[in-house]
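Observations on the three-dimensional arrangement
The primary structure of each chain is shown beneath.
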Amino acid sequence: MAGANALNVEAPSQQPKIIADFDPPTKPKRNKYALACAILASMTSVLLGYDIGVMSGAVIYIKDDLKINDTQVEIITGIISVYSLIGSGLAGRTSDWIGRRYTIILAGAIFFAGAILMGFATNYAFLMVGRFVAGIGVGYALMIAPVYTAELAPASIRGFLTSFPEVFINSGVLLGYVSNYAFSKLPTNLGWRFMLGIGAVPSFFLALGVLAMPESPRWLVMQGRLGDAKRVLDKTSDTPEEAQLRLADIKQVSGIPEDQNDDVVQVPKKQSHGEGVWKELLLHPTPAVRHILLAGVGILFFQQASGVDSVVVYSPRIFEKAGITSNNGKLLATIAVGVSKTLFIFISTFLLDKVGRRPLLLCSNGFMIVSLLALSVSLTVIDHNHQKVSWAVGLAFASVLGVVGSFSMGFGPIPWVYSSEVFPLRLRAQGMALGVAANRLTSGVLSMTFISMYKTMTIGGAFFFYAGIAIVSWIFFFFCLPETHGRTLEDMEVLFGKIFEWRPILMKKNRNNDIA
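Analysis parameters
- Residues numbered from 1 in each chain as written.
- Predicted model: local features only at pLDDT ≥ 70, side-chain atom pairs only at ≥ 80, totals over all residues.
- Heavy atoms only, no water.
- Helix = DSSP H or I, 4+ residues; strand = E, 2+ residues; numbered from the N terminus.
- Expected span 1.5 Å × (residues − 1).
- Salt bridge = Lys/Arg side-chain N within 4 Å of Asp/Glu carboxyl O.
- Buried < 20%, exposed > 50% of the residue type's maximum accessible area, 1.4 Å probe, protein only.
- Phe/Tyr/Trp six-rings, centres within 6.5 Å; stacked < 30°, edge-to-face > 60°.
- Lys NZ or Arg CZ within 6 Å of the ring centre and 35° of its normal.

The end-to-end C-alpha separation of helix α19 (residues 327-355) is 42 Å, in line with the 42 Å expected for 29 residues at 1.5 Å each. Once α19 ends, the next one or two residues include Gly356, with phi positive near 95 degrees.

Following this line, the structure appears as structure tokens:
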């Protein structure tokens, strides 16, 4: 009886289940405020994309108007990537000093000045000055946009948002191709100046738009401005609990005691403006930091070493080799390249936070290897036949689209996402600056040697060379890059430390989480 009475007492406390109880848990809605901020910040990458796209066509008319040779063409095309090293080198310290937001504004202002100078250039030397100034602005923009977006975004959509800079680079390339075609009908001495000078327009409006954005919450914490950081995190997190957790994590890595909750607190000097960072990053790195540095810089190096900029910048020459001889036809063909490059970027944009970084990167790299080999074979066949080989021409055109498309679906955006999230907060700005420097230097060297290379080893041989580098990059990615999907920025270091043994580290971490 006692047992029965106990059952009778307990029964009413059990609530009957309804159909809604069996529904799967609803996913949190995408944070529209963080999305808007990421779009604004990432739009600075349009500047680089526009310059890459517009120079591919503008250089045809610059060569005719200024009477320059192929060596000068290589230099004027690729030198902006070398000049951008100055901007990316300065951007790390600048963004730690004045903040991420004002560094984005500075990038737009510098590129604006460079575009004006290029548009009014009267000779080769004057044009080089404009390229120098614009290059510094590009370096600033490339470094700061992914850093800002990664620091602002909640973990659930960080990959989605941090891929935006590459989306806008591709959009800029397409705009540059369209600009080439639109202004090609003008007289030669005016057409290329309009192509280059019109780039000042988006940089001006971008700089104004950034004023409406909040500062990075992680930078605010580094300055001891906890109250401001909390307000930004409340707006950019999926839930209030996530905002509190992110704030606690950032405080911990910034050296701020957990019990300090005033709006403004004192922060150790080396945390607030980046002092001592280079020593920790380069001179006395821990095994984890050394692995992070190799992964973060290596992935950005291989992104450009695969030769994609040679395909994008010199696509008119590639199409000329394939049999398209008129300037009008070559510029129309480049628009197809821009469309392919832009459309395929959305594959990675929407899948990054679903399937992870590694699967997309390895698949993208694999498809790019196949496309580069097909391009090299088709161009070699065309080179060795005096008559038109229709299948080879078609394969060359399809392979160019395949190279830029496969690049965009992973190899393009993921290096920026990955490198911006793996560096610890205290090292992030300077670590990204090193990665951008390696990326731009590689791009500059390849762009300034492509014409000389294909004249020496044939154009097919040049793309065989790039395919070999792409194979090496696939091996590097497979063995050295752990998956970062779903982890907070403050939880990255646990994945790194033993370059070829990251899988056991990750499995041990997962087992510990399961036990907990």
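Here we come to the pattern of salt bridges. In the structure shown here, the tally under the stated rule is 13 salt bridges. With its nearest N and O atoms 2.9 Å apart, the salt bridge here joins Arg317 to Asp70. Of this pair, Arg317 sits in helix α18 (residues 315-321) while Asp70 sits in helix α4 (residues 70-98), and the two are 247 residues apart along the sequence. Asp70 matches Arg317 in its accessibility class, with the two residues each being buried. In this structure, Asp309 engages Arg440 in a salt bridge whose closest nitrogen and oxygen atoms are separated by 4.0 Å. Remark: Arg440 occurs in helix α23 (residues 428-447) and Asp309 occurs in helix α17 (residues 308-313); sequence separation between them is 131 residues. A network of salt bridges, in which partner residues are shared, links Lys63, Asp70, Arg317 and Lys455.

On to the packing of aromatic side chains, then. Scanning the entire structure with this criterion turns up 20 aromatic pairs. The interplanar angle of 55 degrees and the centroid separation of 5.6 Å between the aromatic rings of Phe450 and Phe463 together place this pair among those described as tilted. With Phe450 in helix α24 (residues 450-457) and Phe463 in helix α25 (residues 459-480), the pair connects residues that are 13 residues apart, well separated along the chain. On the basis of relative accessible area, Phe450 is assigned to the buried category, the value being 0%. Taken together, Phe301, Phe302, Phe407, Phe411, Phe476 and Phe477 form an aromatic cluster joined through their ring pairs. One cation-aromatic arrangement involves Arg101 over Tyr102; the distance from NZ or CZ to the ring centre is 4.8 Å. Sitting over the face of the ring of Phe478, Arg358 holds its NZ or CZ atom 5.4 Å from the ring centroid.

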